[in-house]
Amino acid sequence: MKIFNKVTLLLLFCAVGTFMNAQEITSFPGMWGHDFYQDKDKLTWKEIDKIISESQVAQMEWQKSKKQMLGGLIAGTANFGSAIWFLVNENDDKPVTGPVIAFAATGVIGSIFYHSALKNKKEAILNYNESVSKGTSFNLVPTSNENGVGLALKF
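Source: prediction; values computed, not measured.

Moving on, we come to helix α2 (residues 45-52). Turning to α2, its buried residues number three or more, namely I48, I51 and I52. Down the axis of α2, the buried set is contained in an arc of 95 degrees. They therefore lie on one face. With respect to the buried face of α2, the exposed residues turned more than 90 degrees away are K46 and K50. For α2, the elements touching its buried residues are β1 (25-30), β2 (33-38), β3 (41-43), α3 (56-91) and α4 (97-133).

Shown next, in the form of structure tokens:
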């Protein structure tokens, strides 16, 4: 009887393990950036970093996105500084050609970095979702017939 209980427990464990699937990540635009969810649970940045690190390809895209977002932030800060430079020169009746060119250039550079960061972030999430959705080409399926109870390979 003890062997029957151990075999039943092992079969139950294998059956439950084969039916478990990883959860995909979804992203929705929010007021302060994108919000990430897994099922109905909102993820924090630390949780999303930990989850994305499970897939090597997704991790590379995610890190690239973080670097590009930092570049966009630096360009945005320079854009803010050039706007102040423009306002000061405009107030003092000095030439404003330099500040206008700097303002336009930093704005374009910042938007390019930001767009690339969002694109890579989306690619990272798609790569992660693709990696968790891939399963094996077979599943273990519990089965029973006139010969008894067991596990069958389903292709």
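A positive phi angle, near 60 degrees, is found at D39, a position not held by glycine. Checked against the element boundaries, D39 lands in the loop between β2 and β3. We note that D93 has phi near 55 degrees; this positive angle belongs to a residue other than glycine. Its place among the elements puts D93 in the loop between α3 and α4. Owing to a relative accessible area of 72%, D93 belongs among the exposed residues under this scheme.

Packing of α2 against α3 brings their axes to within 9 Å, and their N-to-C directions diverge by 140 degrees. As the angle between them shows, α2 and α3 are arranged oblique. Contacts between α2 and α3 involve W45, I48, D49 and I52 from the former and A58, Q59, W62 and K66 from the latter. Per-class residue counts for the contact of α2 with α3 are 5 nonpolar, 1 polar and 2 charged.

Residues I25, F36, L43, I48, I51, I52, A58, W62, A124, I125, Y128 and V132 constitute the largest nonpolar core, which totals 12 residues. Sorting the residues of this core by element identifies α2, α3 and α4 as the ones contributing at least two each. Of all the elements, α4 adds the most residues to this core, at 4 residues. Not counting residues up to four positions away in its chain, the partners in contact with L43 are F36, Y37, Q38, I48 and I51.

Conventions we followed
Chains are numbered independently. Their residues run from 1 in the order of the written sequence. Per-residue local features are limited, in this predicted model, to residues with pLDDT of at least 70; the limit for side-chain atom pairs, both in listing and counting, is 80 or more; totals at the level of whole chains, interfaces and linings are taken over all residues. No hydrogens and no water enter the side-chain calculation; it runs on all heavy atoms of the structure. Exposure classes here rest on a 1.4 Å probe applied to the protein chains alone. A residue is buried below 20% of its type maximum, exposed above 50%, and partly exposed in between. The secondary structure listing takes helices from DSSP runs of H or I that are at least 4 residues long and strands from runs of E that are at least 2 residues long, numbered from the N terminus. Directions from the helix axis toward the C-beta atoms define the arc. What makes two residues a contact is simply this: any of their non-hydrogen atoms within 4.5 Å. For helices, the fitted line uses only the C-alpha atoms of the stretch in contact; every axis is such a line through C-alpha atoms, and the angle between N-to-C directions lies from 0 to 180 degrees. Angle categories: roughly parallel below 35 degrees, roughly antiparallel above 145, roughly perpendicular from 65 to 115, and oblique for all the rest. Nonpolar residues are Ala, Val, Leu, Ile, Met, Phe, Trp, Tyr, Cys and Pro. Charged residues are Asp, Glu, Lys and Arg, and all others, Gly as well, are polar. Working definition of a nonpolar core: buried Ala, Val, Leu, Ile, Met, Phe, Trp, Tyr and Cys residues. They are joined through side-chain atoms within 4.5 Å.

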